[in-house]
Amino acid sequence: LVIKRILAGHGKNLEFHSMFKSEINVMMGFNHPNIVQLYDFGEFDAKPYIAMEFVDGKNLRHFVNRFTKKKKKFPIDLSAYVMEQASAGLHYAHNFKDKISGESLQIVHRDVSPQNILVSFDGSVKVIDFGIAKASTNVESTRVGIIKGKPSYLSPEQITGETLDARSDIFSLGAVMWEVLTGKKLFSAPSGENEFAVLKMIESCDSHVTPPSTLNPEVPEALDQIVLKALTKSREKRYQTADELQRALHKFI
């Protein structure tokens with residue numbers, strides 16, 4: 001198993017402690033093949049830790065970088081399979097209910113990215129790191145003006161500070177899908193520009209996003225359409241649940 005602790009030097013940072021507690025609160029009851037299992041938590045030398053499932057593999061970022069280095073593209077069917085499995089894990093989290101009250105925890109991951117999707121060497125796909133997930137159990141809500149998550153994978157509503165729901169994670173997963181299929185980040189600032197340029201791209205995503213097949217001709221039109229629907233700026237026009245996205249990908253496969 002893996003022992004997760006707060007990085008040395010950040011032990012007195014209250015925000016890190018808050019994120020750690022949030023991850024425990026969100027994940028303690030999870031039991032799904034596409035989400036890393038949390039086994040136990042506690043404190044050692046007055047420092048918190050989480051004991052969780054060890055996944056013998058690599059994250060998607062490593063795979064994409066490796067394919068790019070070899071000047072190859074991620075296989076289409078494998079890309080769709082990994083995204084389908086990640087969708088299943090997210091749908092479980094989005095619909096997770098308190099075991100005692102039966103109330104939905106309204107979980108939104110908020111940090112769906114290639115780094116947070118693991119693929120084991122035996123083919124298992126696992127979503128990890130719910131440290132900044134939004135849930136009804138969270139003690140604090142994000143302060144106004146503070147954006148949580150990696151800039152290149154934020155949804156338009158994360159940037160504008162709207163109330164988030166599952167559809168935000170669907171947009172982020174769409175950005176990951178686009179990257180896995182093309183080998184390039186969908187939203188990335190040109191050299192010398194700051195993250196503000198990335199946020200402006202996401203804000204104008206309806207005019208910025210092109211079908212993955214424009215960079216990878218091997219991507220079939222049916223898969224293009226799935227990715228583009230996940231990346232629609234209007235939440236109402238996206239897949240409304242991760243289950244809907246998972247079913248579309250399963251049908252494509």
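Residues numbered from 1 in each chain as written. Predicted model: local features only at pLDDT ≥ 70, side-chain atom pairs only at ≥ 80, totals over all residues. Heavy atoms only, no water.

(A) Representation of the overall build of the protein chain within the structure. Counting its secondary structure elements, the protein chain contains 9 helices and 6 strands. Taken over C-alpha atoms, the radius of gyration comes to 18 Å for the protein chain, in line with the 18 Å a tight globule of 253 residues would show. Viewed in the frame of its principal axes, the protein chain has a C-alpha envelope of about 55 × 40 × 40 Å. A total of 253 residues make up the protein chain; the buried ones form 46% of that total. Carbon and sulfur atoms make up 54% of the accessible area of the protein chain, which amounts to about 13200 Å² in all. One way to put it: in the protein chain the 32 positive side-chain charges average out to a point 4 Å from where the 30 negative ones average out. (Helix = DSSP H or I, 4+ residues; strand = E, 2+ residues; numbered from the N terminus. Rg over C-alpha atoms; globule rule 2.2 N^0.38 Å. Buried < 20%, exposed > 50% of the residue type's maximum accessible area, 1.4 Å probe, protein only. Areas by Shrake-Rupley, 256 points an atom, 1.4 Å probe, with all protein chains shown as cover. Lys, Arg positive; Asp, Glu negative; His and termini not counted. Charge placed at Lys NZ, Arg CZ, Asp CG, Glu CD.)

(B) Representation of the sheet that holds strand E2 (residues 38-44). Ordered in space as E1-E3-E2, the 3 strands form an open sheet in which the pairing is antiparallel. The open sheet has two free edges, formed respectively by strand E1 (2-5) and E2, since each of these has just one partner strand. Neighbouring strand axes in the sheet, compared pairwise and without regard to direction, differ in orientation by 25° on average. By the bridge criterion, 6 bridges tie E2 to strand E3 (residues 47-52) in an arrangement that is antiparallel. Bridge assignment links Leu38 to a residue of E3, and that residue is Met52. The sheet strands contacting helix H1 (residues 14-27) are E1, E2 and E3, and the helix crosses E3 at an angle near 35°. (Pairing = 2+ DSSP bridges. Axes fitted to C-alpha atoms, helices over the stretch in contact; angles between N-to-C directions. Contact = heavy atoms within 4.5 Å.)

(C) Inspection of the confidence of the model for the protein chain at higher detail. This prediction gives the protein chain a mean pLDDT of 89; 92% of its residues lie at or above 70. Note on residues 139-145: pLDDT is under 50 here. Beyond four places in sequence and across chains, it has 3 contacts. (pLDDT = per-residue confidence, 0-100.)

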